[in-house]
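Structural overview for review
Chain by chain, the residues:
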Amino acid sequence: MPDHLPRRQVLRTAGALGLGAAAAGALSSTAEATTQAGSVAGRPDKLAAMGAHHGKLEIRKDPFGTTPEGVAVDVYTFTNGRVTISMLTWGATIQRVETPDRRGRTKNISLGFDNLPDYAALSPYFGATIGRYGNRIAKGRFTLDGTTYQIPVNNGENALHGGTIGFDKKVWKAKTVRTDDSVGVAFSYVSPDGEMGFPGELSTTVTYTLDRRDNLRIDYHATVAGKPTVVNLTNHVYFNLAGEGSGSIDDHVLELNAPSYTPVDAGLIPTGEIAPVAGTPFDFNKPTPIGARLRGDHPQLIVGRGYDHNFVLGGKTDHDGLRFAARFWEPESGRTVTVHTDQPGAQFYSGNFLDGTFLGIGNKAYRQGDAFAFETQHFPDSPNQPNFPSTVLRPGETYATTTVYTFGTK
């Protein structure tokens, strides 16, 4: 077990995730070997060697650890010589994103861990591919074609990100993907009928590719067999553009292309209202520091302990069917990340529930407001909200959606 993790904390959190004491103990017993594997896989000198020439596409696979059931977990690292991405087969997880600042100095800007036990027992979805249903479902319950389904609740009385054991806690199959212009990994997972209470057998492939222009493209693809189901896939990468573990994101500037948002109740479930952002702290249509209004007295900021809301995206799509969703900019480093998507919404989360109880890759505690997540998606609780865009997927239909993160400086 890593020295910085009190055993009672591992056990408490493991229980919250649906892992028993035996599973937590097994995870603890593999911590030393896993940490060594993770540190080798993410060692800065190896990453620097891969990124020696901008425009050269490279990829490699290394061992990262082993689950208590004996399943091997790998880390894939791919680069274009400027941006380097590391991803785990555990949860199809983005572990690291190495990008340069305006002076060419490279840092990891993605929150995560250097070992598998921490991901299994402690991770608040750091970098994970989320499914079957990203975000919240009220009371974990929905009715489809006259049948009511119950998902295990894991966020108060609600189900969050697919229930107690979602896609973020599965080991995905992985295959290297290469083209003349990009390199990456296609992750696949088959969720059986009834897993976490969801109907139908869902076959999912999520492909992450990095091109020569510093675009990380995520293509989600799913089909269901046997019964209709509900699907809302996303990625939960946490960013701090000044560098992972460097402190608050209050000074990050956000431009968010959203004329409205969906207010929530005390359990962070949408009320059903689609409210305009104009005149509220939720209006980021003009670039504004994230912290400028974060500590105001708006009731929605109090309920969410900050920003933890779904924004309804606006604007027209381009020839690829994508629209500009948001741009984040960290003034000191100059780093930017720009998001385009074909999804109708995005959850902007200001890291409100990070509490400093565990250490990340850089051996620093992540505290409240130390990172942001921007999860492109359909709306939370859509199965129970008839006025929201539908998330129903039926046999014979294909779920297909794309989001692109573009890394840069200014």
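Residues numbered from 1 in each chain as written. Predicted model: local features only at pLDDT ≥ 70, side-chain atom pairs only at ≥ 80, totals over all residues. Heavy atoms only, no water.

**Considering the overall build of the protein chain**
When you go through the protein chain residue by residue, the secondary structure sums to six helices and 28 strands. A burial count over the protein chain gives 58% of its 410 residues as buried. For the protein chain, the share of sequence-separated contacts (at least 6 apart) that also reach a separation of at least 24 residues comes to 66%. (Helix = DSSP H or I, 4+ residues; strand = E, 2+ residues; numbered from the N terminus. Buried < 20%, exposed > 50% of the residue type's maximum accessible area, 1.4 Å probe, protein only. Contact = heavy atoms within 4.5 Å.)

**Concerning the packing of aromatic side chains**
A full pass over the atoms with the stated rule returns 30 aromatic pairs. Taking 5.8 Å as the distance between ring centres and 80 degrees as the angle between the ring planes, the aromatic pair formed by Phe167 and Trp172 counts as edge-to-face. Trp172 matches Phe167 in its accessibility class, with the two residues each being buried. Ring centres of Phe284 and Phe348 lie 6.1 Å apart, and the angle between their planes is 80 degrees; this geometry places the pair in the edge-to-face category. Placement of the pair is Phe284 in the loop between strand S20 (275–276) and strand S21 (288–289) and Phe348 in strand S25 (residues 345–349), with a sequence separation of 64 residues. Given the relative accessible area of 0%, Phe348 is considered buried. Ring-pair connections join several aromatic residues into one group, and the members of that group are Phe239, Tyr261, Phe282, Phe284, Tyr307, Phe311, Phe328, Phe348, Phe372, Phe374, Tyr405 and Phe407. Cation over ring: Arg293 sits above Phe284, and NZ or CZ is 4.9 Å from the ring centre. (Phe/Tyr/Trp six-rings, centres within 6.5 Å; stacked < 30°, edge-to-face > 60°. Lys NZ or Arg CZ within 6 Å of the ring centre and 35° of its normal.)

**Quick notes on the sheet that holds strand S14 (residues 215–225)**
Reading across from one edge, S11-S12-S13-S14-S28-S24-S23-S18-S21 is the order of the nine strands in this open sheet, with antiparallel pairing throughout. Because the sheet does not close on itself, it has two edges, and the strands there are strand S11 (173–178) and S21. One ladder, built from six bridges, connects S11 with strand S12 (residues 182–191); its direction is antiparallel. Following the sheet pairing, Val177 is matched in S12 by Gly184. (Pairing = 2+ DSSP bridges.)

**Regarding the environment of Ile290**
Within the secondary structure, Ile290 sits in the loop between S21 and helix H6 (299–304). Assessed through its relative accessible area of 0%, Ile290 is described here as buried. In this structure, the C-alpha to C-alpha distance between Ile290 and Ser350, residues 60 residues apart in sequence, is 8.1 Å. When near neighbours in sequence (up to four residues on either side) are disregarded, Ile290 contacts Ile249, Asp250, His252, Leu254, Phe284, Tyr307, Phe328 and Phe348.

**Details of the UniProt feature "active site" (unreviewed entry) in the protein chain**
Per the UniProt entry, the sites bearing "active site" (unreviewed entry) are His236 and Glu375 in this numbering. The largest pairwise C-alpha distance within this set of annotated residues, which runs over 140 residues, is 6.0 Å, so the set is compact in three dimensions. Mapping His236 onto the fold places it in the loop between strand S16 (234–235) and strand S17 (238–239). The exposure class of His236 is buried, given its relative accessible area of 4%. Each residue touching His236, except ones within four places of it in the same chain, is listed here: Pro124, Tyr125, Phe126, Gly127, Ala128, Ile130, His161, Tyr349, Ala373 and Glu375. Positionally, Glu375 belongs in strand S26 (residues 372–377). Under the relative-accessibility criterion, Glu375 is labelled buried at 2%. Residues within four places of Glu375 in sequence aside, it is in contact with His161, Thr234, Asn235, His236, Gly345, Ala346, Gln347 and Tyr349. A distance of 3.5 Å separates polar atoms of two side chains, one belonging to Glu375 and the other to His236. (UniProt positions renumbered as here; feature names shortened; annotations may be inferred. Polar contact = N/O pair within 3.5 Å; in protein donor to acceptor, adjacent residues only side chain to side chain.)

**Concerning the UniProt feature "binding site: beta-D-galactose" (unreviewed entry) in the protein chain**
In the numbering used here, UniProt assigns the "binding site: beta-D-galactose" (unreviewed entry) feature to Asn135, Arg136, His236, Val237, Tyr238 and Asp308. Mapped onto the elements, Tyr238 comes out in strand S17. Filtering out sequence-adjacent residues up to four positions away, Asp308 remains in contact with Arg136, Leu268, Gln347, Phe348, Tyr349, Asn352 and Phe353. Of note is the side chain of Asp308, whose polar atom sits 2.9 Å from the side chain of Gln347.

**As for the environment of Glu244**
Topologically, Glu244 is positioned in the loop between S17 and strand S18 (253–256). Overall, the relative accessible area of 11% leaves Glu244 in the buried class. It is 8.4 Å that separates the C-alpha atoms of Glu244 and Asp370, two residues lying 126 residues apart in sequence. The contacts of Glu244, once residues within four sequence positions are left out, are Asn108, Ile109, Ser110, Leu111, Gly360, Ile361, Gly362 and Tyr366. At 2.9 Å, the side chain of Glu244 forms a polar contact with the backbone nitrogen of Gly362.

**As for the nonpolar core**
Across soluble globular proteins, nonpolar side chains show a tendency to be buried alongside one another. Grouped together as the largest cluster of nonpolar side chains are 59 residues, with contacts concentrated most on Phe78, Phe239, Phe328, Phe348 and Phe407. For this core, the element with the highest residue contribution is S14, accounting for five residues. Those residues in contact with Phe239, other than ones at most four positions away along the chain, are Val97, Ile109, Ile249, Val337, Ala371, Phe372, Tyr405 and Phe407. The next biggest cluster of nonpolar side chains, apart from the first, holds 20 residues, and it includes Phe64, Val75, Phe113 and Tyr119. (Core = buried A, V, L, I, M, F, W, Y, C linked by side-chain atoms within 4.5 Å.)

**Quick notes on the pairing of strand S24 (residues 335–341)**
The buried count for S24 comes to six of seven residues, which makes it a mostly enclosed element. Hairpin connection, strand S23 (residues 323–329) to S24: the antiparallel pair is bridged by five residues, and Gly334 has positive phi, about 85 degrees. Here S24 pairs with strand S28 (residues 399–409) via seven bridges, running antiparallel. Of the residues in S28, the one forming a bridge with His340 is Val404.

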